[in-house]
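Observations on chain architecture
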2 protein chains.
Amino acid sequence: MAFSLDPPVSREERGVVSPAVVLDTALTLFAERGYHGTSVKEIASRLQIRTPSLYNHMSGKQGLLQEIVGDTTREVWQDFVEVTAGIDGVEERLEKAVYVYALRHARRRREAIVVNRDVSSLEEPVLSEVLELRRRHEHAIRGLVQEGIDASVFADQPASLVSFAVLEMCVSIARWFHVDDRFSAEEVAKQYSLYALRIAKGDVPVKA
Amino acid sequence: MAFSLDPPVSREERGVVSPAVVLDTALTLFAERGYHGTSVKEIASRLQIRTPSLYNHMSGKQGLLQEIVGDTTREVWQDFVEVTAGIDGVEERLEKAVYVYALRHARRRREAIVVNRDVSSLEEPVLSEVLELRRRHEHAIRGLVQEGIDASVFADQPASLVSFAVLEMCVSIARWFHVDDRFSAEEVAKQYSLYALRIAKGDVPVKA
DNA sequence: CCTACCGATCGGTAGG
DNA sequence: CCTACCGATCGGTAGG
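Residues numbered from 1 in each chain as written. Chains lettered and ligands numbered in written order. Predicted model: local features only at pLDDT ≥ 70, side-chain atom pairs only at ≥ 80, totals over all residues. Heavy atoms only, no water.

1. Here's the deal with the overall build of chain A
For chain A, the helix and strand inventory stands at 11 helices and 0 strands. Mapped in sequence order, the helices and strands of chain A form the string α-α-α-α-α-α-α-α-α-α-α. The buried share of chain A, reckoned over its 208 residues, is 54%. A separation threshold of at least 6 residues defines the contact pool for chain A, and within that pool the share at least 24 residues apart is 68%. Taken as a whole, chain A presents about 9,300 Å² of accessible surface, with 51% of it coming from carbon and sulfur. (Helix = DSSP H or I, 4+ residues; strand = E, 2+ residues; numbered from the N terminus. Buried < 20%, exposed > 50% of the residue type's maximum accessible area, 1.4 Å probe, protein only. Contact = heavy atoms within 4.5 Å. Areas by Shrake-Rupley, 256 points an atom, 1.4 Å probe, with all protein chains shown as cover.)

Here is the structure:
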């Protein structure tokens, strides 16, 4: 799996400004105020440098957004492929796919918030690439649900509603989860993958 | 219930610009591009008037956002109170509370998108009022879940995770639902309230 | 409803 | 990494 903990690249710790530090600072501000609500001056100010110096470490504001949203979306699809490969049971595949997706939204909260709020601020060609990857992921989840319905493993119901509900439920984790909560990221992901199975299986009893 | 269909107040139909038409136009643009991504010039342009003329129909850009987000949030809380009043069964109360919340997000998509994306762009005192109302609604849903757990009607599990998952699943309807879809707003709301019961009841069988 | 205009801020560049 | 500066656009006002 392509997970790693959020890289704590801050100015204070490293002492110097670098492309990674600029990206991390922008990520925090974009998540807090949105892409259009963040100015390059604010990014510079937080790094205690002037605006023009920022351009030694980035191509521009739009480039930062493209890197954040593009990288994250590619990783989401990669996670799905890796975690469902070589598994027979459709129930187990859905459980694992939801688990990694939920886990990512607990571990990479800032990225998730920016991806979901500011995707429409992306310029081409990254916009089209990102939308295509998201569509592919949603269709893959929907396909799993439909496969389970066809095999009578899941309750007979509209697969599209199930996949939307399950995916967006996971996305929302980024909006309320805190590391210092009573639950770990893994516990939350485990619980949410259970919710997904409950929704999918419907009247079939699910062990808690 | 405080529902009505989305008021189709467009410039073309009414022929004249009014505060309601300006608000409706701003609502569409805010939903499409975000509050910070929309300029007052764009609002004016869509109404085929000049920017200064807009100020005959509004106090300012921030005032439009406050009206959209403030009104919607107050209605959400009012819906909850009205729909759960005088009902004994905790299961039925949760089902109805989720139904109206989901239904609103299918019927008032633009409002829902703006409320959830641009709430942080609100200025005081409306910001505090809105956050308090949202907190109250979330705690009320969580309270219902806990009440059901205590009564052994729902599975024993963290009530906070259930309430977050259920509420955000509903919020997301605004992002994918279209009136011309294969499902009506009522059908989607019905299905989502069923999902909520499945998550809450867990290992208890739920009739489809 | 308009023209004319305000100061502030935007992302970004020149040049060192 | 900086100062100095660019044209464009921002939300909003004056005055009619």
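2. Looking at the protein's contact with DNA strand D
Within the structure, DNA strand D sits among 14 residues, and Arg50(A), Ser53(A), Asn56(A), His57(A) and Tyr55(B) are positioned closest to it. A share of 56% is what sugar and phosphate atoms reach among the atoms of DNA strand D within 4 Å of the protein. At 3.3 Å from a base nitrogen of DNA strand D is found a side-chain nitrogen or oxygen belonging to Asn56(A). In terms of residue class, the surface near DNA strand D is built from 6 nonpolar, 6 polar and 2 charged. (Near = heavy atom within 4 Å. Polar contact = N/O pair within 3.5 Å; in protein donor to acceptor, adjacent residues only side chain to side chain. Nonpolar A, V, L, I, M, F, W, Y, C, P; charged D, E, K, R; others polar.)

3. Comments concerning unusual backbone geometry
Residue and element names in this part refer to chain A. Going from Glu 124 to Pro 125, the amide bond is cis rather than trans, its omega being 10°. Structurally, Pro 125 is set in the loop between α7 (109-118) and α8 (126-150). Even without being glycine, Ser 152 reaches a positive phi, approximately 60°. When you line up the elements, Ser 152 lands in the loop between α8 and α9 (159-171). Here Ser 152 falls in the exposed class, since its relative accessible area comes to 62%.

4. What to know about the relation of the copies chain A and chain B
Once turned by 180° and shifted 0.0 Å along the axis, chain A lies on chain B with an RMSD of 0.0 Å. One copy is carried onto the other by what is essentially a two-fold rotation axis. (Least-squares fit on C-alpha atoms with pLDDT ≥ 70 in both.)

5. Details of the protein's contact with DNA strand C
The environment of DNA strand C is formed by 14 residues, the closest being Val40(A), Tyr55(A), Arg50(B), Ser53(B) and Asn56(B). Close to the protein, within 4 Å, the atoms of DNA strand C belong to sugar or phosphate groups at a rate of 56%. Tyr55(A) is positioned such that a nitrogen or oxygen atom in its side chain is 2.9 Å from a phosphate oxygen of DNA strand C. Within the backbone of Arg50(B), an N or O atom sits 2.9 Å from a phosphate oxygen of DNA strand C. The class makeup of the residues in the surface near DNA strand C is 6 nonpolar, 6 polar and 2 charged.

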